[in-house]
Amino acid sequence: MNGKRPAEPGPARVGKKGKKEAIAEFSDAVTEEALKKQVAEAWSRRTPFRHEAIVMDMDPFLHCVIPDFIQSQDFLEGLQKELLNLDFHEKYNDLYKFQQSDDLKKRKEPHISAVRKLLFEDFRAWLSDISNIDLESTIDMSCAKYEFTDALLCHDDELEGRRIAFILYLVPSWDKNFGGSLDLYSTDEHFQPKQIVKSLIPSWNKLVFFEVSPVSFHQVSEVLSEENPRLSISGWFHGPSLTRPPTYFEPPIPRNPHIPQDHEVLYEWINPTYLDMEYQLQIQEEFEERSEILLKEFLKPEKFAKVCEALEKGDVEWSTRGPPNKRFYEKAEESKLPDVLKGCMDLFHSEALFLLLSNFTGLKLHFLAPSEEEIEDKNKGEVASAADSTEEGTSHSSQEPENSQAAASSNCQQSSEQTDSTQTEEDGAKKESSVPTCQGELRRWKTGHYTLIHDNSKTEFALDAVLYCGCEGWEPEFGGFTSYIAKGEDEELLTVSPENNSLALVYRDRETLKFVKHINHRSLEQKKTFPNRTGFWDFSFVYYE
């Protein structure tokens, strides 16, 4: 390859059999031998390098930009036309939403074939020389089209054999306000992403490539243009795998047993409908059939109004929860919450609610709740009398106490008394061996927030309980809903959308994972109806038997 520009560059030439053959050549300046040596030296020494034809930077990880990659403007226009005529498939999961073509390695269109040949022959040879990496001839490339609200969230691209990632942009005149930038993240001492430190704006005929490594965290920011699609060809060059550092495991979030608050807290906070024993039985039947239920108008209206007022007032200290390859939202500092919000958190931690949730779900979240074995024995005829059932205080009894609305609360009152009294050794040992626990937080959700499924996502039996606040006018197309999927699958098993003053209960097993979908810029439409709203809040708890 001599890298010299032909006298009359054009989109096509006549091949051996008289067929039109497109020819792609990349920047003369980049292939010039002296410049090539300088780039190779900068790569080897890990030092920045700047030239009008190529820019190499090491912060936050090694990446290069070639502003004018392909020489012929006519060729680029022909390539763009062929790409836009491809069939695109929507790619959608926790990490991304965009449209992608099939793999381009077998496409016969002249311009696509030519750019493939350029990248994986001429450019690969140049790249191997400057990086000193023995790059394989493996072809791994496709076309991506990002439209309004599409995004690809924080990830590192690491997969067996991937060594250098590349993106060739074929966008119209692009402004940073259109979004769609390639954002690069700094990392911490555990090789976890911290924050965006550099953003590369797409432009016509710009090629970006970077070294794939344990710290190459990046994202495609949400596209904000409703008119201009972000079109690009991207893929990876493969070579000998790098040694990865040991997997970092985050410290576990503490789980706590209930706090001793009796039935009075239920009367203070919860809609009396949910304290009715017959209604609890209906809820339990539906929950046991579907493993999920949405309890609307869960808090008393006056209590819920005070909670929302405190959240909107802004006297809450929020901190960002990351790292962004796993989650990005805001968590309240619980020790500094206003009284009404602290009271709501205490409700979810309370012994009374543990027992009420047992009544709703049939799970053994309290020592008074019957175990599966006890229920089976009961079904076999070993049934206590109606009086005994009432005295034991379980919602599984078919008999109503005198005051049906106090069913759960009377159980809680009795449980508090029994907790204070001395247990038998047998009961004590049983309780110690399996004490129900919970963990929870008050979260704020705004545009750009999300959670992701990741390699170390917890998969265990658990009850999720989420109470939503401030989500009037919230639409599913905004994102922010919680999706449950089977491990190893993309298809959603269940979607829970935010709904004001509703408690979502979902029981998941070891094969079920969950994520909160990225909240996109459509969510700003909420402000048209509710000017003071910038998202919503939720009290998110997980209970373990």
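This text follows the structure it describes.
Quick look at the structure, then. (Residues numbered from 1 in each chain as written. Predicted model: local features only at pLDDT ≥ 70, side-chain atom pairs only at ≥ 80, totals over all residues. Heavy atoms only, no water.)

### Remarks on the overall build of the chain
Heads up, the rule is: Runs of H or I in DSSP of at least four residues are treated as helices and runs of E of at least two as strands, each being numbered from the N terminus. Burial status follows relative accessibility: with a 1.4 Å probe on protein chains alone, a residue under 20% of its type maximum counts as buried, one over 50% as exposed, and anything between as partly exposed. Whether two residues are in contact is decided by their heavy atoms: any pair within 4.5 Å suffices. The Shrake-Rupley method, run with a 1.4 Å probe, gives the accessible areas here. Residue values count only the displayed protein chains as cover.
From N to C terminus, the chain includes 14 helices and 26 strands. Going through the 545 residues of the chain one by one, you find that 53% of them count as buried. Residue pairs in contact within the chain that sit at least 24 positions apart in sequence constitute 79% of those at least 6 positions apart. Accessible area of the chain: about 26600 Å², with a carbon and sulfur share of 46%.

### Here we look at the nonpolar core
Note the following rule: What is meant by a nonpolar core is a set of buried Ala, Val, Leu, Ile, Met, Phe, Trp, Tyr and Cys residues, joined one to another through side-chain atoms within 4.5 Å.
Among the nonpolar cores identified, the biggest contains 48 residues, and F69, L83, F123 and F209 are the most heavily contacted of them. Elements with a minimum of two residues in this core: α2 (33-45), β5 (63-66), α3 (73-84), α4 (110-131), β8 (141-146), β10 (162-169), β13 (207-211) and β15 (230-238). A per-element tally of this core places α4 first, with 10 residues. What F209 contacts, discounting residues up to four positions off in sequence, is W43, H63, C64, I66, F123, W126, L127, I130, I164, A165 and F166. F298, L353, L365 and L463 belong to the second-largest nonpolar core, a separate cluster that totals 46 residues.

### Overview of the pairing of β5
Selection rule: When DSSP locates at least two bridges between a pair of strands, those strands are taken to pair.
Alternating positions in β5 separate into two faces, H63 and V65 on one and C64 and I66 on the other, with burial throughout. By the bridge criterion, 3 bridges tie strand β4 (residues 55-57) to β5 in an arrangement that is antiparallel. Bridge pairing in β5 links M56 to C64. Count of turn residues in the β4/β5 antiparallel hairpin: 5 residues.

### Concerning the side chain of D94
Basically, it comes down to this: In the analysis that follows, any N or O atom pair within 3.5 Å is treated as a polar contact, provided that within protein one partner can donate a hydrogen and the other can accept it, and provided that, for residues neighboring in sequence, both atoms belong to side chains.
Here D94 lies in the loop between β6 (89-92) and β7 (96-100). A polar side-chain atom of D94 sits 2.8 Å from the main-chain amide nitrogen of I453. In contact with D94, not counting residues within four places along its chain, are L153, T451, L452, I453, F515 and K517.

### Some thoughts on a negative patch on the surface
Selection rule: Residues enter patches when their relative accessible area tops 30% and they take part in no salt bridge; the joining distance is 9 Å for like charges and 5 Å for the nonpolar side chains Val, Leu, Ile, Met, Phe, Trp and Tyr. Any carboxyl oxygen of Asp or Glu that lies within 4 Å of a side-chain nitrogen of Lys or Arg is treated as forming a salt bridge with it. Only four residue types enter the tally: Lys and Arg on the positive side, Asp and Glu on the negative side, with His and both chain ends excluded. Charged groups are reduced to one reference atom each: NZ for lysine, CZ for arginine, CG for aspartic acid, CD for glutamic acid.
Taken together, the side chains of E226, E227, E475, E477 and E525 define an acidic patch exposed on the protein surface. Here E227 shows up in the loop between β14 (218-220) and β15.

### A closer look at the layout of surface pockets
Spelled out, the test is: Cavities and pockets were defined on a 1 Å grid built over protein atoms only: a cavity is a set of grid points that admits a 1.4 Å probe from which the probe cannot escape, a pocket is an open set flanked by protein on both sides within 12 Å along at least five of seven lines, and lining residues are those with an atom within 4 Å of any such point. Grid points are joined across faces, edges and corners, and a volume is the space filled by probe spheres set on the points. Residues are sorted three ways: Asp, Glu, Lys and Arg are charged, Ala, Val, Leu, Ile, Met, Phe, Trp, Tyr, Cys and Pro are nonpolar, and all the rest, Gly among them, are polar.
What the second largest pocket holds in volume is close to 1200 Å³. If you trace the second largest pocket, you find 45 residues lining it, with I253, R321, R327, Q439 and K458 closest to the centre. Among the elements of the structure, β18 (327-332), β19 (437-446), β21 (462-469), β22 (482-486), β24 (503-508), β25 (512-516) and β26 (535-544) are those that each provide at least two residues to the lining of the second largest pocket. Looking at the lining of the second largest pocket element by element, the count peaks at 5 residues for β25. Residue composition of the lining of the second largest pocket, grouped by class: 20 nonpolar, 11 polar and 14 charged.

### Some remarks on the packing of helix α6 (residues 277-290) against helix α9 (residues 351-361)
To keep it simple, the criterion reads: Comment: axis = line fitted to C-alpha atoms, over the contacting stretch for helices; angle = value between 0 and 180 degrees taken between N-to-C directions.
At a minimum axis distance of 6 Å, the contact between α6 and α9 shows a crossing angle of 65°. Contact with α6, carried on its side by Q280, I283, Q284, F287 and E288, involves L356, S358, N359, F360 and T361 of α9 and no other residues of that element. In terms of residue class, the contact of α6 with α9 is made up of 4 nonpolar, 5 polar and 1 charged.

### What to know about the environment of D150
Along the polypeptide, D150 turns up in the loop between β8 and β9 (151-155). Sequence spacing of D150 and Y92 is 58 residues, and the spatial spacing of their C-alpha atoms is 9.5 Å. Once you skip the residues sitting within four places of it in the chain, D150 turns out to touch K97, F98, Q99, K145, S221, E222 and V223. Reaching out from D150, the side chain makes a polar contact with the side chain of K97 at a distance of 2.6 Å.

### Let's talk about the packing of aromatic side chains
The criterion, for reference: Each pair of aromatic rings taken from Phe, Tyr and Trp, with Trp reduced to its six-membered ring, is defined by centres within 6.5 Å and is described as stacked if the planes are under 30 degrees apart, edge-to-face if over 60, and tilted in the remaining cases. Note on criteria: charge over ring means Lys NZ or Arg CZ within 6 Å of the ring centre, with the direction from the centre no more than 35 degrees off the ring normal.
Overall, the coordinates contain 29 aromatic pairs when judged by the stated rule. An angle of 20° between the planes, with centres 5.4 Å apart, marks the rings of F123 and W126 as stacked. Taken together, the residues F123 and W126, both in helix α4 and 3 residues apart, mark about one turn of the helix. Like F123, the residue W126 is buried in the burial classification. Ring geometry for Y274 and Y279: centres 5.7 Å apart, planes at 35°, overall tilted. The rings of F26, F69, F120, F123, W126, F166, F209 and F237 are connected pair by pair, giving a single aromatic cluster. Looking at K145, its charged tip hangs above the ring of F88, at a distance of 4.5 Å from the centre. Positioned over the ring face of Y544 is R255, at 3.5 Å from the centre of the ring.

### Looking at the environment of S225
The topology assignment puts S225 in the loop between β14 and β15. What makes S225 buried here is its relative accessible area of 4%. Spatially, the C-alpha atoms of S225 and N177 are 8.0 Å apart, while their sequence positions differ by 48 residues. Those residues in contact with S225, other than ones at most four positions away along the chain, are F148 and F178. For S225, the side chain forms a polar contact with the main-chain nitrogen of E227, separated by 3.3 Å.

### Comments concerning the pairing of β8
Each regular strand displays side chains that alternate between the two surfaces of the sheet. Counting buried residues in β8 gives 6 out of 6 residues, a clear majority hidden from the surface. Burial along β8 is two-sided: M141, C143 and K145 and S142, A144 and Y146, pointing in opposite directions, are all buried. Bridge count between β7 and β8: 2 bridges; the pairing is antiparallel. Residue pairing across strands places Q100 opposite A144, the latter belonging to β8. Note that β8 and β15 share 6 bridges and pair antiparallel. The residue bridging S142 from the neighbouring strand is S234, located in β15.

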